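For reference, the chains in residue letters:
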2 protein chains.
Amino acid sequence: MNAQDKHSPKPVSVTTGPIGRSRKLYASPAGFPEVRVPYREIAFEPSSGEPPLRIYDSSGPYGCAEFTPDLAAGLPAARPWLAAREGLENYQGRTVKPEDNGFASGEYLVPPCPAPRAIYRGTGAGPVTQLEFARAGIVTQEMVYVAHRENLCRERAFENAAARIADGESFGASIPQFVTSEFVRDEVARGRAIIPANINHPELEPVIIGRNFLVKINANIGNSAVTSSVAEEVEKMVWSIRWGADTVMDLSTGRNIHNIRDWIIRNASAPIGTVPIYQALEKVGGDATKLDWEVFKDTLIEQAEQGVDYFTIHAGVRLAHVPLTANRVTGIVSRGGSIMARWCLSRHRESFLYERFGDICDIMRRYDVSFSLGDGLRPGSNADANDAAQFAELETLGELTKVAWDKGCQVMIEGPGHVPMHKIKANMDKQLAVCGEAPFYTLGPLVTDIAPGYDHITSGIGAAMIGWFGTAMLCYVTPKEHLGLPDRDDVKTGVITYRIAAHAADLAKGHPAAIERDNAMSRARFDFRWTDQFDIGLDPDTARKYHDETMPKEAHKVA
Amino acid sequence: MNAQDKHSPKPVSVTTGPIGRSRKLYASPAGFPEVRVPYREIAFEPSSGEPPLRIYDSSGPYGCAEFTPDLAAGLPAARPWLAAREGLENYQGRTVKPEDNGFASGEYLVPPCPAPRAIYRGTGAGPVTQLEFARAGIVTQEMVYVAHRENLCRERAFENAAARIADGESFGASIPQFVTSEFVRDEVARGRAIIPANINHPELEPVIIGRNFLVKINANIGNSAVTSSVAEEVEKMVWSIRWGADTVMDLSTGRNIHNIRDWIIRNASAPIGTVPIYQALEKVGGDATKLDWEVFKDTLIEQAEQGVDYFTIHAGVRLAHVPLTANRVTGIVSRGGSIMARWCLSRHRESFLYERFGDICDIMRRYDVSFSLGDGLRPGSNADANDAAQFAELETLGELTKVAWDKGCQVMIEGPGHVPMHKIKANMDKQLAVCGEAPFYTLGPLVTDIAPGYDHITSGIGAAMIGWFGTAMLCYVTPKEHLGLPDRDDVKTGVITYRIAAHAADLAKGHPAAIERDNAMSRARFDFRWTDQFDIGLDPDTARKYHDETMPKEAHKVA
């Protein structure tokens, strides 16, 4: 781990190097030398007689032993083919305005990331989004990429795949024995999976999100006037993906939003999501009633040009839904939801996000920014779970999904929140029914409200269950939820907890290769191969440390 | 928190005092002044206008502000009525032998706890066990006690009870709106609940374990030659019940087992469980093949006289079951199970625990030691879950349950272990079917094997689910599982995680009062009453600390 200068105005260094004793490698599928798909390989003690285990890896180039980051230069392109893709035009992007960075100036202004790049948008002729390509029957390099990425850890398991799928319970999912590029194309075309991949984010290592693929997890980061520096924010992103975050949402507020986002995206191998209404609100001085279509539209274009891969859009909070929250215990807890509710109520008008939804689609389509349709009315307590407000919004999200699909946009749907165990499955079932099987992306849910300080656990329980039921991506919750801002340790704890939830879901669904890693661990346990156990685990460092606290001798580790 | 001298040969001091700003109180049901039932009361900021919240409390006298422990004197009797109970005789107990303490002598011998007491056993005339009283239609003080204890937190919720039960999903449980003593008697008589309460443990605050009551949790403690002192072991017990353990198992091995257990039981307000075969094995020098009925019988009497409330007995590991484990990934992982398997295989004989089961019952009945029928063949990995060995043993446990019931003994059944989510419910369903609804008591289960260092979480997920499905008590797992011995922080983390799991299960089952605490938290959140949020939570200290790390000002806590 490299040193961090906590007060530095720009990123100096980030955590690099292999995880445990694993090796980060890349492989290309036959016929696609430009598609370099990452994975990790864990070698075992020779006494085991076992071949190395391949596992899915999200750590980006940072996980390589030999990689030296140059944050000012950004990452090399992982999608070099974009520059040659037809239907895209290079153009002079929007000029950065003082309000994009909250009017920060002088020594308070974080400089922009100097990494050079061209800005693209769709010309309008021919497909731009992965959904449009898929519908046109075209297999993109991104589809080839994610197919190979999903398969890397299951090649060895292929002969048992049918039996393992049969042994699982996937509640009607269609998990394939082997993922072909054509299967990916078909799932994307049907809207059952998305590949969030803005054409202005060439650094991206593509990820597929859908219930017939491995369950993914998201980590949230974000600066705060109180506690963060730019260096910390970029490091939080790198740190999140190191421990297993598949996507990262930048929820920054305050000054320097634009430039901090620049540094993050240029150095991000994972898809980056944002909530554009947060920045739009900053631009109007924090007064929700002053929001309008123009400032929001400007923000969408600003962030789309930067390369944000998915936007949370709270277009489902309609004027008529707001009164449904009146008798709730915890009202509206989603920040985006409460911004839009305030807007609607103050003007007694229908939400401009809802009314302008077609225009929003037109913008997002040109850059292939995916929708994450926000659940602004999600329950903030177990008492409010599955109520009329929540489900009214979900039905609107279903309606908007079809609009976005018609416009050629990729869509996933955000879900709760706080839900007791016996009411979780109804969320999944209703989402599948009303949103046409678009991928579900939930926050937890927290299965009880009584454990502040432990909400990674209260929510990890719900996340594992809803992941099993069919949720495609799980948004992490850290131990600081409801209490304060997560630090580095909290981020790691949240990510590891959610990797547990996602993997438990993969196992229960009958993913054909998921149990390979469990079995490798179990064999290492049975043989008392301690160092192998550490390396197979999600967090080799912590496992080794805990072991050494009470059994410190090396002799106890090597059988 | 009082200071600990880590190297002291006997307990000096333990943690006392209130939890957060709550008050520990006692209440007596009408007509039973000698039955003093503990609970905690959390008062809120006056601005809230809310009455105090009553919650179930397991902390014993240690949780009282005014209590000063005298470990050498032991706790005062919480069951003074035992001394006058008919059918019990006071007698000269078994003489302590050198092997009871592993032949420790001189400065290595932990002195016995000097707390004075008489030793009792059933005379044989009339009922001794809670099961026998219940069948005879007699409501014991223990039944009155647990009924009041289960009700204390639901009195205020009574008017909503029917609706809340209807809103839950209890999978066929029969949760009452209000717990009467007669309901308790009936559940105990049917074998659906147990009150582990050795007549030689008058210090006990009775607890009921059954799926129609609040879900309970157990914490394991145990000394080790490597890292623990007596002081630490007693403190671990006190520490466990402080954070919410309903029962505590003493899994000590090595020297001084007898005397350490003495100190623990004399100072334990919670039911104490043990695995007598562990001590029997010590007595034969650690060689399982040397075990026999005589040494085991002697150990049962020794521990029954001390006041152990429940014994794990691995009588379900039959000779014919052992070959069923041959193709497992992780073989036999239960310590008791592997001891008995080795015994059976080495002699090629049926287990003496199985053959002598009636005799074991006769001994345990005389002291009302409850059975915890051990699952010696539980799976040690997801790969081995729900296999032929595990279920063959479970069927034997069902057969033994009926034998024990016929002998008048209370019984619960231990369960796994390591089980992927989609195979958990089958465990509960089969246990209910083959064990006549005797309470199920499971270890986790861990829903994946890949996260050493985080197995409180991998198992907390499974525990919440199986608790919802009907498991009556959840045995905790700490972050050190598979890696080393838990320290104080690990014990607390394990206990809090399992309180989350148990409470999540209560909520999902529709327990009529469970959501009261969640709602109190949610209202405090909505009002930004920070100190109330800390106090309502399971761990006020951690919540406050996390909050203060990023929002340190008192002004941020008091709205």
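Enquirer: I'm lost on the overall build of chain A in this one. Help?
Expert: Check the secondary structure of chain A and you find 18 helices and 15 strands. Relative to its 559 residues, chain A shows a buried fraction of 68%. A separation of at least 24 residues holds for 76% of the contacts in chain A among residues at least 6 apart in sequence. Carbon and sulfur atoms make up 53% of the accessible area of chain A, which totals about 17800 Å².

Enquirer: How should I be thinking about the relation of the copies chain A and chain B in this particular structure?
Expert: Each of the two chain copies can be brought onto the other by rotation about an axis and movement along it. When chain A is brought onto chain B, the operation consists of a screw motion whose angular component is 180 degrees and whose axial shift is 0.0 Å, with 0.0 Å RMSD remaining. Within this description, the copies of the chain are treated as partners about a two-fold rotation axis. No C-alpha of chain A lies nearer the rotation axis than that of Ile461(A), which sits 2.4 Å from it. An overlap of 100% is found between the interface residues of chain A and their copies at the interface of chain B, pointing to a shared contact surface.

Enquirer: What exactly am I supposed to notice about the packing of helix α2 (residues 141-151) of chain A against helix α4 (residues 181-189) of chain A here?
Expert: Between two packed helices, what matters for the description is the angle formed by their axes and the separation of those axes. Residue and element names in this part refer to chain A. For the pair α2 and α4, interaxial distance at closest approach is 8 Å and the crossing angle is 115 degrees. Considered as vectors, α2 and α4 are oriented roughly perpendicular to each other. The crossing of α2 and α4 is right-handed. Taking contact as the criterion, the partners of Met 143, Val 144, Val 146 and Ala 147 in α2 are, on α4, Ser 181, Val 184 and Arg 185. Residues of the contact of α2 with α4, tallied by class, amount to five nonpolar, one polar and one charged.

Enquirer: Help me understand the packing of aromatic side chains, please; the structure alone is not making it clear to me.
Expert: Remark: the centre distance and the inter-plane angle together describe each pair of aromatic rings, the angle taken between the planes. Taken as a whole and judged by the stated rule, the model has 22 aromatic pairs over all chains. Measuring from ring centre to ring centre gives 6.3 Å for Trp530(B) and Phe534(B), while their planes differ by 35 degrees; the resulting arrangement is tilted. One end of the pair, Trp530(B), and the other, Phe534(B), are both in helix α17 (residues 530-536), four residues apart, so they sit about a helical turn from each other. For Trp530(B), a relative accessible area of 10% corresponds to the buried category. The lysine or arginine in question, Lys430(A), covers the ring of Phe391(A), its NZ or CZ lying 5.3 Å from the ring centre. Positioned above the aromatic ring of Trp243(A), the side-chain terminus of Lys492(A) is 4.0 Å from the ring centre.

Enquirer: So what exactly am I meant to see when it comes to the sheet that holds strand β2 (residues 37-42) of chain B here?
Expert: Sheet strands line up and pair through hydrogen bonds in the backbone, either parallel or antiparallel. Residues and elements named next belong to chain B. As summarised here, the arrangement of the three strands in space is β1-β2-β3, forming an open sheet in which the pairing is antiparallel. For this open sheet the edge positions go to β1 (23-27) and β3 (53-56), each flanked by a neighbour on one side alone. Taking each pair of neighbouring strands and ignoring which way they run, the sheet shows an average axis angle of 40 degrees. Bridge count between β2 and β3: four bridges; the pairing is antiparallel.

Enquirer: In this structure, what is going on with helix α18 (residues 540-550) of chain A? I would like to understand it.
Expert: Along an α-helix, residues three or four positions apart point the same way, because every turn accommodates 3.6 residues. Of the positions making up α18(A), those classed as buried are Pro540(A), Thr542(A), Ala543(A), Tyr546(A), His547(A) and Thr550(A). The secondary structure elements touched by the buried residues of α18(A) are α5 (230-243), α15 (488-509) and α17 (530-536) of chain A.

Enquirer: Sorry if this is basic, but what is going on with the pattern of salt bridges here?
Expert: Under the definition given, this model contains 98 salt bridges over all chains. Among the ionic pairs, Glu89(A) bridges to Arg366(A), the shortest N-O distance being 3.4 Å. Note that Glu89(A) is positioned in strand β4 (residues 88-91) and Arg366(A) in helix α11 (residues 357-367), a separation of 277 residues in sequence. Under the relative-accessibility criterion, Glu89(A) is labelled partly exposed at 25%. Accessibility expressed as a relative area gives 28% for Arg366(A), which makes it partly exposed. Where Glu205(B) meets Arg149(B), a salt bridge forms, and the shortest distance between an N and an O atom there is 3.9 Å.

Enquirer: Please explain the interface of chain A and chain B as it appears in this structure.
Expert: One widely used convention gives an interface's size as the accessible area the parts lose upon coming together. Counting from both sides, the interface comprises 71 residues of chain A and, opposite them, 71 residues of chain B. Taken together, both faces of the contact between chain A and chain B bury some 5700 Å²; the carbon and sulfur share is 71%. Counting every contact that joins chain A to chain B gives six salt bridges. Seen at the junction of chain A and chain B, the total is 18 residue pairs in polar contact (both at pLDDT 80 or more). Only α14 (455-469), α15, α16 (514-526), α17 and α18 of chain A provide two or more residues apiece to the side of chain A that touches chain B. Along the lines of polarity and charge, the residues of the side of chain A that touches chain B split into 33 nonpolar, 24 polar and 14 charged.

Enquirer: Which parts of the structure should I look at to understand the sheet that holds strand β14 (residues 440-443) of chain B?
Expert: Residue and element names in this part refer to chain B. Judged by pairing direction, the barrel is parallel, and its eight strands sit side by side in the order β8-β9-β10-β11-β12-β13-β14-β15 before closing back on the first. With direction set aside, neighbouring strand axes in the sheet form an average angle of 25 degrees. As judged from the four bridges shared by strand β8 (residues 216-221) and strand β9 (residues 247-250), these two strands associate in the parallel manner. By the bridge assignment, Asn 220 is partnered in β9 with Met 249. The sheet strands contacting helix α5 (residues 230-243) are β8, β9 and β10 (272-274), and the helix crosses β8 at an angle near 165 degrees. In the packing of helix α15 (residues 488-509) onto the sheet, contacts are made with β8 and β15 (473-475), and the angle to β8 comes to roughly 160 degrees.

Enquirer: Got a minute to help me understand the side chain of His321(B) in this structure?
Expert: All names here are of chain B. Note that His 321 resides in the loop between β11 (310-313) and α9 (335-347). For His 321, a relative accessible area of 8% corresponds to the buried category. At 3.0 Å, the side chain of His 321 forms a polar contact with the backbone oxygen of Gly 316. Once residues lying within four places of it in the same chain are set aside, the contact partners of His 321 are Gly 316, Leu 377, Ala 389, Ala 392, Glu 393 and Thr 396.

Enquirer: How should unusual backbone geometry be read in this particular structure?
Expert: Excluding glycine, a negative phi dihedral is what most residues carry, and trans is how most peptide bonds are arranged. In this model, Pro416(A) is joined to Gly417(A) through a cis peptide bond whose omega is 5 degrees. With respect to the helices, strands and loops of the structure, Gly417(A) is situated in the loop between β13 (411-415) and α13 (424-434). The phi angle at Phe103(B) is positive, at roughly 60 degrees, despite the residue not being glycine. When you line up the elements, Phe103(B) lands in the loop between β4 (88-91) and β5 (119-122). The phi dihedral of Phe528(B) is positive, around 55 degrees, even though this residue is not glycine. Turning to its location among the elements, Phe528(B) is positioned in the loop between α16 (514-526) and α17.

Enquirer: In this structure, what is going on with the packing of helix α12 (residues 388-406) of chain A against α13(A)? I would like to understand it.
Expert: Residues and elements named next belong to chain A. Here α12 crosses α13 at 30 degrees, and the two axes come no closer than 9 Å. Of the possible angle classes, the one that applies to α12 and α13 is roughly parallel. Of the two possible hands of crossing, α12 and α13 adopt the one that is right-handed. Each of Gln 390, Phe 391, Leu 394, Glu 395, Gly 398 and Lys 402 in α12 lies in contact with α13, whose residues at this interface are Asn 427, Lys 430, Gln 431 and Val 434.

Enquirer: Looking at this model, I keep getting lost on the side chain of Lys509(A). Mind explaining?
Expert: Residues and elements named next belong to chain A. Tracing the chain through its elements places Lys 509 in helix α15. One buried charged residue, Lys 509, remains without a salt bridge, the closest side chain of opposite sign being Asp 506 at 5.1 Å. Polar side-chain contacts of Lys 509 include one of 2.7 Å to the backbone oxygen of Arg 211. Other than its neighbours up to four places away in sequence, Lys 509 contacts Gly 168, Glu 169, Ser 170, Ile 175, Arg 211, Phe 213, Val 215, Gly 467 and Trp 468.

Enquirer: What is the right way to read the confidence of the model for chain A from this model?
Expert: Reading fine detail from the predicted coordinates is not recommended where pLDDT is low. Residue and element names in this part refer to chain A. With 95% of its residues at a pLDDT of 70 or more, chain A has an overall mean of 93. A low-confidence stretch, residues 1-11 stays under pLDDT 50, and its non-local contacts, those more than four residues away or across chains, total 25 contacts. Note on residues 554-559: pLDDT is under 50 here. Beyond four places in sequence and across chains, it has 16 contacts.

Definitions and limits used
Residues numbered from 1 in each chain as written. Chains lettered and ligands numbered in written order. Predicted model: local features only at pLDDT ≥ 70, side-chain atom pairs only at ≥ 80, totals over all residues. Heavy atoms only, no water. Helix = DSSP H or I, 4+ residues; strand = E, 2+ residues; numbered from the N terminus. Buried < 20%, exposed > 50% of the residue type's maximum accessible area, 1.4 Å probe, protein only. Contact = heavy atoms within 4.5 Å. Areas by Shrake-Rupley, 256 points an atom, 1.4 Å probe, with all protein chains shown as cover. Least-squares fit on C-alpha atoms with pLDDT ≥ 70 in both. Axes fitted to C-alpha atoms, helices over the stretch in contact; angles between N-to-C directions. Parallel < 35°, antiparallel > 145°, perpendicular 65-115°, else oblique. Left-handed = near helix turned anticlockwise from the far one by under 90°. Nonpolar A, V, L, I, M, F, W, Y, C, P; charged D, E, K, R; others polar. Phe/Tyr/Trp six-rings, centres within 6.5 Å; stacked < 30°, edge-to-face > 60°. Lys NZ or Arg CZ within 6 Å of the ring centre and 35° of its normal. Pairing = 2+ DSSP bridges. Salt bridge = Lys/Arg side-chain N within 4 Å of Asp/Glu carboxyl O. Buried area = accessible area lost by both parts, 1.4 Å probe. Polar contact = N/O pair within 3.5 Å; in protein donor to acceptor, adjacent residues only side chain to side chain. Lys, Arg positive; Asp, Glu negative; His and termini not counted. pLDDT = per-residue confidence, 0-100.

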